[in-house]
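Listed here are the chains, written in short residue letters.
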Amino acid sequence: MLRSVLLWLSRNKTIRGLITGLGLVQRAAHRFVAGETVEEAIQAIRELNAQGITATLDHLGENVETAEDAQRATEDYQQALDAIGASGVQSHVSIKLTALGFDLGEAVCRANVERLLVKAREIGVLVTIDMESTEYTERTLALFHDLRRTFKDVGIVIQSYLYRSEADIVTLCQAGAHVRLCKGAYQEPPVHAFPKKADVDASYVRLMKMLLSPGARANQTFGAIATHDIKMIEATRQYAQQQLVPRDEFEFQMLHGIRRDLQKELAADGYGMRVYVPYGTEWYPYYMRRLAERPANIWFIVSNFFRH
Ligand SMILES: Cc1cc2nc3c(=O)[nH]c(=O)nc-3n(C[C@H](O)[C@H](O)[C@H](O)COP(=O)(O)OP(=O)(O)OC[C@H]3O[C@@H](n4cnc5c(N)ncnc54)[C@H](O)[C@@H]3O)c2cc1C
């Protein structure tokens, strides 16, 4: 129930204005966001790299409504790629198609994405396309497959809560794609997604095994196992051990500010560990999805309120 309310709030533009103005919420959101500027984000990545952890940099923003805003988001990403190149940090980049104009038509978005992929290729950085709500799933996958004809350094995200994901993974494994597997963070109706957590988790384990299977790896498929769920991580470690999956053929991924202890532990155990590092001023929908994943995070805001 609370999860649904928080996910509804994440899309509500009127309430967004009210909530983002609250200093208390801004401070709480800071836990999940590396800062407002690219310099702060690069500093956060340097600190991760020093612990043997790589990163994927995300400039916050989604669902832009004008071509100018999509252009500005593209320029922000170009600046981020320049900063990665100049600093020499170990980092990929993650993008959301709706930040680059997907709602304005595919042509606008595709032109912006291609500009970024050309630049990313120059500095050898992989660009992962985040997966948004089911309104975009089909079109996102179609654009991804099409971009891969020209650009090899592009990855995609698959959400285990969707019924369709098993069929999507089959196609991606045949294509030898770079796939980040997550559970899924949006509000989806039962017609598209498993309503029960147990089914989402079982689907996650099934899809992980498909991504890391000998057949998929023979096609150069790379599985990025993105979760903070210790049960999913343990299932992956066990499967990788049984199947003798080399450590450089998959990696774990987590979000900035969540389970830092586990991030360090996996990196120290010799696993590839990558952290998603978001930055920028448009943190509201991202932060609300993090609250929805773990409503207990709200107590952080409440307890701080009473402390001040
Ligand atoms: C690198 C990365 C990229 C992602 N990209 C996408 C994407 O493109 N599209 C998409 O839909 N989703 C994306 N997600 C989000 C994902 O879909 C889940 O919503 C999120 O990871 C929570 O699921 P979980 O696997 O951690 O398992 P859960 O069962 O939700 O959580 C397991 C445990 O992890 C911890 N935890 C999880 N979330 C939080 C939190 N917010 N705060 C504190 N602790 C928490 C808790 O201890 C919890 O018990 C991404 C996640 C990661 C890690």
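Values in this document were obtained by computation on a predicted structure and should not be read as measured data. (Residues numbered from 1 in each chain as written. Predicted model: local features only at pLDDT ≥ 70, side-chain atom pairs only at ≥ 80, totals over all residues. Heavy atoms only, no water.)

A. Quick peek at the overall build of the protein. If you tally the helices and strands in the protein, you get 14 helices and eight strands. Expected size for 308 residues packed as a compact globule is a radius of gyration near 19 Å; at 19 Å, the protein falls within 12% of this value. Counting only residues that meet the buried cut, the protein has 53% of its 308 residues in that class. Pairs at least 24 apart in sequence give 75% of the contacts found in the protein among residues at least 6 apart. Positive and negative side-chain charges in the protein, numbering 36 and 37 respectively, have mean positions lying 5 Å apart. (Helix = DSSP H or I, 4+ residues; strand = E, 2+ residues; numbered from the N terminus. Rg over C-alpha atoms; globule rule 2.2 N^0.38 Å. Buried < 20%, exposed > 50% of the residue type's maximum accessible area, 1.4 Å probe, protein only. Contact = heavy atoms within 4.5 Å. Lys, Arg positive; Asp, Glu negative; His and termini not counted. Charge placed at Lys NZ, Arg CZ, Asp CG, Glu CD.)

B. Region of the structure containing the pattern of salt bridges. Applying the stated criterion to the full structure yields 24 salt bridges. For the salt bridge of Asp 69 with Arg 72, the shortest nitrogen-to-oxygen distance reads 2.8 Å. Taken together, the positions of Asp 69 and Arg 72, both in helix H5 (residues 67-87) and three residues apart, correspond to about one turn of that helix. Asp 69 gets classed as partly exposed once you look at its relative accessible area, which sits at 30%. Across the salt bridge formed by Arg 206 and Glu 166, the nearest N and O atoms sit 3.3 Å from each other. With Arg 206 in helix H9 (residues 197-211) and Glu 166 in helix H8 (residues 165-175), this pair connects stretches of sequence that are 40 residues apart. (Salt bridge = Lys/Arg side-chain N within 4 Å of Asp/Glu carboxyl O.)

C. Representation of the sheet that holds strand S5 (residues 178-182). Reading around the barrel, the eight strands line up as S1-S2-S3-S4-S5-S6-S7-S8 and close back on themselves, with parallel pairing between neighbours. Neighbour-to-neighbour, the strand axes of this sheet turn through a mean angle of 30°, independent of strand direction. Sheet topology note: the S5/strand S6 (residues 222-226) ladder contains four bridges and is parallel. Within S6, the residue paired with Val 179 across the bridge is Gly 223. On the sheet, helix H4 (residues 38-50) packs against strand S1 (54-59), strand S2 (91-95) and strand S8 (273-279) and is oriented at approximately 165° with respect to S8. (Pairing = 2+ DSSP bridges. Axes fitted to C-alpha atoms, helices over the stretch in contact; angles between N-to-C directions.)

D. How the structure looks around helix H11 (residues 230-242). With 13 residues, H11 should cover 18 Å at 1.5 Å per step; its first-to-last C-alpha distance of 18 Å lies within 8% of that length. For H11, every residue scored as buried is listed here: Met 232, Ile 233, Ala 235, Thr 236, Arg 237, Tyr 239 and Ala 240. As for H11, its buried residues are in contact with H9, helix H10 (214-218), S6, strand S7 (250-255) and helix H12 (260-268). Sitting at the head of H11, Asp 229 places a side-chain oxygen 2.9 Å from the backbone nitrogen of Lys 231. (Expected span 1.5 Å × (residues − 1). Polar contact = N/O pair within 3.5 Å; in protein donor to acceptor, adjacent residues only side chain to side chain.)

Function cannot be read off these values alone, since they describe shape.
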